[in-house]
Amino acid sequence: MKIGVLALQGAFLEHEAMLRRLGVQTRQVRLPRDLEGLDGLIIPGGESTSIGYLAERRGLLEPLREFALSGRPVWGTCAGMILLAREIVDGIPGQPVLGLMDITVRRNAFGRQVNSFETDLEVPTLGDPPFPAVFIRAPVIERVGPEVEVLARLEEGSPVAVRQGNLLATAFHPELTTDARFHRYFLGLGR
Amino acid sequence: MERVIGSDTVKRGLAQMLKGGVIMDVTNAEQAQIAEEAGACAVMALERVPADIRAQGGVARMADPEKILEIMRAVSIPVMAKCRIGHFVEAQILEALGVDFIDESEVLTPADEEHHIDKRKFKVPFVCGARNLGEALRRIGEGAAMIRTKGEAGTGNVVEAVRHARAVLGEIRRLTTMAEEEMMAYAKEIGAPYELVVETARLGRLPVVNFAAGGIATPADAALMMQLGMDGVFVGSGIFKSGDPLKRARAIVQAVTYYNDPYILAEISRDLGEPMVGINISILRPEERLATRGW
């Protein structure tokens, strides 16, 4: 199995390190041709405006959409979740996105960096113990469509991990922890 | 579900999200929006860019909070701001304003010639400049969540950034082949906390994100720093002191992503208009060199 990690900007090396720990081959994706032969793709955290601009500039948006529509698993963490969302609140006008998941996402929903936090998150799909979730200038999901399954919520009810078929999105960063359960779950989506 | 804020994971984590990106100096809302549109991963809010600080002289201080707030309101990406070395009250004010990162910067006039800020006391993360591994690890020991080369800000001359990057990365390479019993003497020699020396040897890199800064003016400069092994770049005066800031900013953003692809670098380096006028470091008087500030 070979998984691509979109390597335009952001924390792509951390995802690669976690995948390699699980015995999975990885490839950094910067150009459309890098998508050939991959079994799945992770869109990492970073700045969604920066990643979106770079993807648009090199003609990656359409190949990324086609890749996701082919049914192979695609996972967006934080900025990656914003890129996957169909609707964005508090984005910048014309911000390039993929628009694949039927969710509405609010950028920087918790405020500025001083409000970034860690918390133990109940994720029923992963079982016990709770998942160590790291939220950094994180977005939240404000609306989910009928096809979208909510995997985890904060205590006030906001969804922060969702799945729609082969597409997975988390507002937090499993790649910044040593807990590989979300990466394993993602790899399982392809089977 | 208890929420923990201001932890090392959260502070260093924001720096990890900035990797592979370009952080641009801006002095007003309009420049900040140009930087965001160009794909910057963050902006540094300033009253004057380093080239102007250099030209105008006098004491350089934290920017007016009104200026910083204007820039924070204008963009959705993280906003950084500079305080003087050792000026922990400027840092408290910047934290109260809600800036996302504080640069305890040698570009401003130092407020303390012996001590840096105890950055562990803050919820907001700090970035600090370093010329060598000892300096980098001292700053991390004080709580810095990110390191950058000092370079020589406001010169448009990359030579000092290269010197500092090679020093830090070369010393780390040496450390990875060192016997463990040699590390205490090495820690003493470079004036670094022993535990951080051991951790750096084990990781084969700094325990925090390490950007290039100080003199980067072209896409080639940015790609050079990335190929040397840096995690991303700061561009200070290089963008808004050039002839076509948006075009140059976009080119430098792409250069940091495609730093290993000379064909793309050749394409994006074409027809960028006038670069900022550079200064040769050798003609600077010793007191004009900003990189020697910091202890």
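To be clear, the structure that these remarks concern was listed above.
Residues numbered from 1 in each chain as written. Chains lettered and ligands numbered in written order. Predicted model: local features only at pLDDT ≥ 70, side-chain atom pairs only at ≥ 80, totals over all residues. Heavy atoms only, no water.

Draft legend 1. Quick peek at the overall build of chain A. Counting its regular elements, chain A contains 5 helices and 12 strands. Relative to the globule expectation of 16 Å for 191 residues, the C-alpha radius of gyration of chain A, 15 Å, shows essentially globular dimensions. Relative to all contacts within chain A whose residues are 6 or more apart in sequence, the contacts with residues 24 or more apart total 63%. Of the side chains in chain A, 21 bear a positive and 23 a negative charge, and the two mean positions are spaced by 6 Å. (Helix = DSSP H or I, 4+ residues; strand = E, 2+ residues; numbered from the N terminus. Rg over C-alpha atoms; globule rule 2.2 N^0.38 Å. Contact = heavy atoms within 4.5 Å. Lys, Arg positive; Asp, Glu negative; His and termini not counted. Charge placed at Lys NZ, Arg CZ, Asp CG, Glu CD.)

Draft legend 2. How the structure looks around the environment of Thr125(A). Residue and element names in this part refer to chain A. For Thr-125, the location among the structural elements is in the loop between strand S7 (117-121) and strand S8 (131-135). By relative accessible area, Thr-125 is classed as partly exposed at 42%. The spatial distance from the C-alpha of Thr-125 to the C-alpha of Ala-152 is 8.7 Å, given a sequence separation of 27 residues. In contact with Thr-125, other than residues within four places in its own chain, are Leu-151 and Tyr-185. (Buried < 20%, exposed > 50% of the residue type's maximum accessible area, 1.4 Å probe, protein only.)

Draft legend 3. Region of interest: the interface of chain A and chain B. Between chain A and chain B, the contact holds 45 residues from the first and 45 residues from the second. Note on chain A versus chain B: buried area summed over both sides is about 3,500 Å², and carbon and sulfur give 53% of it. One can count 7 salt bridges joining chain A with chain B. Within the side of chain A that touches chain B, the residues separate by chemical class into 16 nonpolar, 12 polar and 17 charged. Sheet topology places S7(A) next to strand S1 (residues 4-5) of chain B; 2 bridges connect them, and they run antiparallel. When the bridges of S1(B) are listed, Glu118(A) appears paired with Val4(B). (Buried area = accessible area lost by both parts, 1.4 Å probe. Salt bridge = Lys/Arg side-chain N within 4 Å of Asp/Glu carboxyl O. Nonpolar A, V, L, I, M, F, W, Y, C, P; charged D, E, K, R; others polar. Pairing = 2+ DSSP bridges.)

Draft legend 4. A look at the layout of surface pockets. In this model, the largest pocket occupies a volume close to 1,100 Å³. Considering the residues around the largest pocket, the lining is formed by 41 residues, among which Leu13(A), Glu14(A), Gln16(B), Lys19(B) and Arg205(B) are closest to the centre. Sorting elements by how many residues they give to the lining of the largest pocket places helix H1 (residues 12-21) of chain A first, with 6 residues. Grouping the constituent residues of the lining of the largest pocket by class yields 18 nonpolar, 11 polar and 12 charged. (1 Å grid on protein atoms, 1.4 Å probe; cavity = no way out; pocket = protein on both sides within 12 Å on 5 of 7 lines; lining within 4 Å. Points joined across faces, edges and corners; volume = space filled by probe spheres on them.)

Draft legend 5. Geometry of empty space enclosed by the protein. Residue and element names in this part refer to chain B. All chains considered together, the criterion is met by 3 cavities of 30 Å³ or more. Quantified by volume, the largest cavity comes out at close to 190 Å³. Lining of the largest cavity is provided by 24 residues; of these, Pro-50, Ala-153, Ala-213, Gly-214 and Gly-236 occupy positions nearest its centre. The set of elements that each furnish at least two residues to the lining of the largest cavity consists of strand S5 (101-105), strand S9 (233-235) and helix H11 (237-240).

Draft legend 6. The nonpolar core, seen in detail. One finds Phe135(A), Phe182(A) and Met225(B) to be the most contacted residues of the largest nonpolar core, which totals 126 residues. Of all the elements, helix H12 (residues 245-257) of chain B adds the most residues to this core, at 6 residues. The residues contacting Phe182(A), other than those within four sequence positions of it, are Trp75(A), Val123(A), Leu126(A), Phe131(A), Leu151(A), Ala161(A), Leu168(A), Thr170(A), Phe172(A) and Pro174(A). Of all hydrophobic cores here, the second largest spans 23 residues; its members include Ile136(A), Leu18(B), Val209(B) and Ala213(B). (Core = buried A, V, L, I, M, F, W, Y, C linked by side-chain atoms within 4.5 Å.)

Draft legend 7. Broad picture of the sheet that holds strand S12 (residues 167-170) of chain A. Residue and element names in this part refer to chain A. The strand order across the open sheet formed by 7 strands is S2-S1-S3-S4-S12-S11-S10, and the pairing between neighbours is mixed. Unpaired on one side and paired on the other, strand S2 (25-29) and strand S10 (149-153) mark the two borders of the sheet. Averaged over all neighbouring strand pairs, the angle between strand axes comes to 20°, with direction disregarded. In this structure, S10 lies alongside strand S11 (residues 159-164), joined through 4 bridges in antiparallel fashion. Among the inter-strand pairings, Val-150 is bridged to a residue of S11, identified as Val-162. Where H1 meets the sheet, its contacts fall on strand S1 (2-6), S2, strand S3 (40-43) and strand S4 (74-77), and the angle it forms with S2 comes to roughly 165°. Lying on the sheet, helix H3 (residues 61-69) is in contact with S1, S3, S4 and S12; it crosses S3 at an angle near 125°. (Axes fitted to C-alpha atoms, helices over the stretch in contact; angles between N-to-C directions.)

Draft legend 8. Quick peek at the pattern of salt bridges. All chains considered together, the criterion is met by 36 salt bridges over all chains. Close ionic contact of Arg20(A) with Glu16(A) constitutes a salt bridge, the shortest N to O distance being 3.3 Å. Pair noted here: Arg20(A) and Glu16(A) are both in helix H1, with a separation of 4 residues, about one helical turn. The class for Arg20(A) is exposed, based on a relative accessible area of 52%. Residue classification places Glu16(A) among the buried residues on the basis of a relative accessible area of 4%. Here Arg148(B) ties to Asp103(B) by a salt bridge, and the two come within 2.9 Å at their closest N and O atoms.

Draft legend 9. Quick peek at a nonpolar patch on the surface. Together, Phe88(B), Val89(B) and Ile93(B) line one region of the surface with nonpolar side chains, adding up to about 250 Å² of accessible area. One can find Phe88(B) in helix H5 (residues 88-97). (Patch = residues over 30% accessible without salt bridge, like charges linked within 9 Å, V, L, I, M, F, W, Y side chains within 5 Å. Areas by Shrake-Rupley, 256 points an atom, 1.4 Å probe, with all protein chains shown as cover.)

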